Amino acid sequence: MKGIIVRERLNREKSEELFEKAKGLFPGGVNSPVRAFKAVDGCPLFIACGDKAYLWDEDGNKFIDFCCSWGPLILGHNNRGIRLAVAAQLGKGLSYGAPTVLENTLAELIINNVEHIEKLRFVSSGTEALMSAIRLARAYTGRDKIVKFEGCYHGHSDSLLVKAGSGLVTLGKTSSAGVPDSFAQQTIVIGLGDSAAIEYVFSQFADQIAAVIIEGIPANNGLLIQEKGYIKFLREITEQHKAMLIFDEVITGFRLGIGGAAAYYGVRPDIVTFGKIIGGGMPVGAYGGSKALMSMISPDGPVYQAGTLSGNPVAMSAGIAALKQLLKPMFYEKLERKTRGMVTAVQQHITQQGYEVVLFSIGSMFWFSFSTQEVMRKAEDIDPSSMHRHKLMHKILLRCGVYFGPSGYEVGFVSSAHTAADLRYTVEVIKYALGQVFQEDIVQ
Ligand SMILES: *Cc1c(COP(=O)(O)O)cnc(C)c1O
């Protein structure tokens, strides 16, 4: 443990006080469930401010942040370019409910750089983008069923809160109370990476399937990196049956490079959804595709979709300022090199120590899997009983000033704001934490 600071315990007095109060105000004390820290120890940390790669909580603890607001903050906190752009807009009013040049600018930044998108529509969240994309696919194909993969998250709209039923291929079951069974029955859920399952689904429901939807790189339930050949196969089979292929690039869009997962695979999806990074930290989502497809959307076409704050000028300003920085030469190469440096150092240590843990990584995303399985492609590869190790690691990392998303199923993100020193420190902290995890685990 080279030069790392390990606190005996984390002072959470103020966070605890605020959380107690919040519990009286919000279900579970939070406005999005995973923030409640239920999968890890202690109460959630109430954040006072963020700058560059760091977060400070209300008790004055400082952390190197690898949650990065769950992905949007590829430029870190309080990025100067984004801050100045937002500040410039603030003096001009916050919302007009009428078109602005800012929407054109952000749309052009996306359309001119992402090959398969000719037209898009801005919304205010990833959930909204996915919900609209599904409606569009259904309208365009005149079919109702969609196929999704177990372990892929696409926001919380009714059609997508569905999990696999029992049996090889079944119509889905709702994964939330309040979703009608009749909705879930329109969603077929299968395992990732399973070509036979999708062939079977098309053999049974070919003329009913509107779309197959997949995360660019499944990264909401561990990091389940798919084979390129499998994604190409999804493209072929959907084309063959005249179903749409939807890439949910809410995480991977402008994360895995400018062209996202589509460019990475060399596959052209019919509809792409964005969120997170394109808003630069403000609430923005988007969905897009070919001109013909997007002409289905109102007011051009019969698919209704609207939003009071869609294309919000402050959010557009943030998005523009973010994308302009991402489009600079070598941005992604530098970010990936940095990430690889950290990941490789940790992996070497894991090998040396013979720990039962694998660090998966692609682009600037990473995920620890407490198992020896070197290839993980589907949700059921993840052993829920390994999560107690994540919990231990999370607690130790916090005590050393490193903040990961508060669940073992969440991936970590590296931002351009992480310095070489931040990452070196983090490597030492992770080495220490893994040592403790495997030691404590044996003792227990
Ligand atoms: C975050 C996420 C969503 C939902 O976006 P929200 O802005 O939280 O509604 C959808 N799909 C994927 C792949 C995501 O990671």
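Below is a summary of the structure that appears in this document.

A few points about the packing of helix H2 (residues 80-90) against helix H10 (residues 313-326)
Two elements in contact, H2 and H10, have axes whose closest approach is 8 Å; the angle formed by their N-to-C orientations is 150°. The orientation of H2 relative to H10 falls into the category roughly antiparallel. Between H2 and H10 lies a crossing of right-handed hand. Two secondary-structure elements touch here, H2 through Gly81, Ile82, Ala85, Val86, Gln89 and Leu90 and H10 through Pro313, Val314, Ser317, Ala318, Ala321, Ala322 and Gln325. The residue inventory of the contact of H2 with H10, partitioned by class, reads nine nonpolar, four polar and no charged.

Regarding the sheet that holds strand S16 (residues 402-403)
Where strands meet in a sheet, backbone hydrogen bonds hold them as pairs that are either parallel or antiparallel. Judged by pairing direction, the sheet is mixed, and its four strands sit side by side in the order S1-S2-S3-S16 without closing on themselves. Edge positions in the sheet fall to strand S1 (47-51) and S16, since each has one partner strand and no second. Pairing analysis gives three bridges linking strand S2 (residues 54-57) to strand S3 (residues 62-65), with the strands arranged antiparallel. Paired with Leu55 across the bridge in S3 is Phe63.

Here we look at the nonpolar core
Grouped together as the largest cluster of nonpolar side chains are 66 residues, with contacts concentrated most on Ile110, Phe122, Phe254, Leu326, Phe368 and Leu434. Residue contacts for Phe122: discarding those within four places in its chain leaves Glu103, Leu106, Ala107, Ile110, Ile278, Val284, Gly285, Ala286, Ser310, Gly311 and Met316. Grouped together as the second largest cluster of nonpolar side chains are 45 residues, Leu73, Cys152, Phe247 and Ile251 included.

Quick word on the sheet that holds strand S14 (residues 358-362)
Spatial ordering of the open sheet is given by S14-S15-S17, a layout of three strands whose pairing is antiparallel. The open sheet terminates on both sides in strands that have one partner only, identified here as S14 and strand S17 (412-413). Relative to strand S15 (residues 365-369), S14 is paired through five bridges, and the arrangement is antiparallel. Within S15, the position partnered with Ser361 by the bridge is Phe366. On top of the sheet, helix H11 (residues 331-353) reaches S14 and S15; it is set at about 165° to S14, its chief contact.

Here's the deal with the site of the ligand
Near the ligand, the surroundings consist of Ser125, Gly126, Thr127, Tyr153, His154, Gly155, Glu215, Asn220, Asp248, Val250, Ile251 and Lys276. The separation between a nitrogen atom of the ligand and a polar side-chain atom of Asp248 is 2.6 Å. Lys276 has a polar side-chain atom sitting 2.6 Å from an oxygen atom of the ligand. Considering only residue class, the shell around the ligand consists of three nonpolar, six polar and three charged.

Rules used throughout
- Residues numbered from 1 in each chain as written.
- Predicted model: local features only at pLDDT ≥ 70, side-chain atom pairs only at ≥ 80, totals over all residues.
- Heavy atoms only, no water.
- Axes fitted to C-alpha atoms, helices over the stretch in contact; angles between N-to-C directions.
- Helix = DSSP H or I, 4+ residues; strand = E, 2+ residues; numbered from the N terminus.
- Parallel < 35°, antiparallel > 145°, perpendicular 65-115°, else oblique.
- Left-handed = near helix turned anticlockwise from the far one by under 90°.
- Contact = heavy atoms within 4.5 Å.
- Nonpolar A, V, L, I, M, F, W, Y, C, P; charged D, E, K, R; others polar.
- Pairing = 2+ DSSP bridges.
- Core = buried A, V, L, I, M, F, W, Y, C linked by side-chain atoms within 4.5 Å.
- Buried < 20%, exposed > 50% of the residue type's maximum accessible area, 1.4 Å probe, protein only.
- Near = heavy atom within 4 Å.
- Polar contact = N/O pair within 3.5 Å; in protein donor to acceptor, adjacent residues only side chain to side chain.

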